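The lines below spell out each chain.
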Amino acid sequence: MGDVITGDMQVERKGALIRALVVDDDLVVRKGLISLLHASGRIVVVGEAADGGRALHLAQQQSPDVTLLDLGMPLLESLQTLPALSKLCKVLVMADGGEVADVDQAVSAGATGYLVHCQFSAVELITAVLATAKGRGHLSPGAITALAENLRTMRSGRVGLPVGGRPHDLSRRELQIMEHIARGRTNPEIARILFLSEKTVKNHVNHIYAKLQVHSRAAAVALWLGAYGGGG
């Protein structure tokens, strides 16, 4: 099965519509996802693909805001394609399970969001796609638990990052910003709330990533919510 771009998919950006690319080698699953996305009225599917090579081609050609990428396709080395794909758009990974290794690898490779098949409703799917398109780290509860457990294990002996406590090397402003990130707020939203410039917020976010030793919003949120009990 190859990719498909039908006439009605080649649409121009209009209003707040999110442009999505769906990548899954199972035709039934792929069509089901496309149907749900179109039905939302907030998302337009600009392409579909059954393998990684075509997914990258379509991402370059159609400039989607977010790509839904199946992690378990036998003909697709998803984790090898993910880094390149994540440079072209935000990526919402969809997998059969939330094993620690899969979640950690996907997030490390550039995934912004991670959903587990059969563990989300149509509403949750749309919420995840919209959040991912805005750069918010959206993970299934099981994925958050798995990633947080892995991060807790990795950091449990490190000075300044005690399990169950706060990362003491974050400044007061960075703590404020991390709390907002954990609540799913974007950089522009945080800037408005804290009366800062977006550039200042972005700089603080980069410092937070460096101090927490993570490379994505999703990993930072998982660490904060799981290992430190933050964002309450």
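As the structure is a computational prediction, the values presented were derived from the model and not from experiment.

### Quick word on the overall build of the protein chain
Within the protein chain one finds ten helices and five strands. Out of the 232 residues in the protein chain, the part that is buried amounts to 50%. Relative to all contacts within the protein chain whose residues are 6 or more apart in sequence, the contacts with residues 24 or more apart total 66%. Surface exposure of the protein chain reaches about 10800 Å², of which carbon and sulfur atoms provide 53%.

### Topic: the side chain of Thr-67
Within the element layout of this structure, Thr-67 appears in strand β3 (residues 66–70). The class for Thr-67 is buried, based on a relative accessible area of 0%. Those residues in contact with Thr-67, other than ones at most four positions away along the chain, are Leu-21, Val-23, Leu-85, Cys-89, Lys-90, Val-91 and Leu-92.

### Section: the pairing of strand β4 (residues 90–95)
Most of β4 is tucked away, with five of its six residues classed as buried. Of the pairings in the sheet, the one linking β3 to β4 comprises five bridges and is parallel in character. Across the sheet, Leu-69 pairs through a bridge with Val-93, a residue of β4.

### Observations regarding the environment of Arg-185
Take Arg-185: it is sitting in the loop between α7 (172–182) and α8 (187–194). Each C-alpha atom of the pair Arg-185 and Gly-135 lies 9.4 Å from the other, and the pair is 50 residues apart in sequence. Excluding residues within four positions of it along the chain, Arg-185 makes contact with Arg-136, His-180, Ile-190, Ile-193 and Arg-217.

### So, the environment of Arg-173
Considering the arrangement of structural elements, one finds Arg-173 in helix α7. Residue class for Arg-173 comes out partly exposed when judged on its relative accessible area of 30%. Taking the C-alpha atoms as reference points, Arg-173 and His-204, separated by 31 residues in sequence, lie 8.0 Å from one another. Non-local contacts of Arg-173, meaning those with residues more than four positions away in its chain, are made with Leu-194, Leu-196 and His-204.

### Looking at the sheet that holds strand β1 (residues 18–23)
Judged by pairing direction, the sheet is parallel, and its five strands sit side by side in the order β2-β1-β3-β4-β5 without closing on themselves. If you trace the sheet from one side to the other, it starts and ends with β2 (43–49) and β5 (113–116), each paired once. Between one strand and the next, the sheet's axes are offset by a mean angle of 20 degrees, whatever the strand orientation. Bridge count between β1 and β2: six bridges; the pairing is parallel.

### Observations concerning the pattern of salt bridges
Applying the stated rule across the entire model yields three salt bridges. Between Glu-48 and Lys-31 there is a salt bridge, and its shortest N-O distance comes to 2.8 Å. Residue Glu-48 is located in strand β2, and its partner Lys-31 is located in helix α1 (residues 27–39); the two are separated by 17 residues in the primary sequence. Overall, Glu-48 belongs to the buried group, its relative accessible area being 0%. In this structure, the salt-bridge partner of Lys-211 is Glu-174, at a minimum N-O distance of 2.8 Å. Taken together, the positions of Lys-211 in helix α9 (residues 198–212) and Glu-174 in helix α7 put the pair 37 residues apart, joining distant regions of the chain. Glu-174 gets classed as buried once you look at its relative accessible area, which sits at 4%. A single salt-bridge network, built from bridges that share partners, covers Arg-30, Lys-31 and Glu-48.

### Here's the deal with the confidence of the model for the protein chain
Chain-level statistics for the protein chain give a pLDDT mean of 78 and a share of 74% at 70 or above. Ignoring residues within four places in sequence, the model shows residues 157–165, a span with pLDDT below 50, making 17 contacts including any to other chains. Confidence over residues 227–232 falls short of pLDDT 50; this stretch has 23 contacts with residues more than four positions distant or in other chains.

Thresholds, definitions, all that
- Here, residues in each chain are numbered from 1, in the same order as that chain's written sequence.
- Selection of residues for local features in this predicted model requires a pLDDT of at least 70, selection of side-chain atom pairs for listing and counting requires 80 or more, and totals for whole chains, interfaces and linings are taken over all residues.
- To obtain the side-chain values, all non-hydrogen atoms of the structure were used and water was disregarded.
- Helix and strand assignments follow DSSP, with helices taken as H or I runs no shorter than four residues and strands as E runs no shorter than two, numbered in order from the N terminus.
- Buried residues are those whose accessible area, probed at 1.4 Å on protein chains only, stays under 20% of the maximum for their type, while exposed residues exceed 50% and partly exposed ones sit between those limits.
- Contact criterion: two residues are considered in contact whenever any of their non-hydrogen atoms come within 4.5 Å of each other.
- Note that accessible areas follow from Shrake-Rupley with a 1.4 Å probe, and for residues the cover is restricted to the protein chains shown.
- For two strands to count as paired, DSSP must find a minimum of two bridges between them.
- Axes here refer to lines fitted to C-alpha atoms; in helices the fit is confined to the stretch in contact. Angles between the N-to-C directions go from 0 to 180 degrees.
- Within this document, salt bridges are pairs made up of a side-chain nitrogen of Lys or Arg and a carboxyl oxygen of Asp or Glu, the two lying within 4 Å of each other.
- Confidence per residue, as judged by the predictor, is encoded in pLDDT with a range of 0 to 100.

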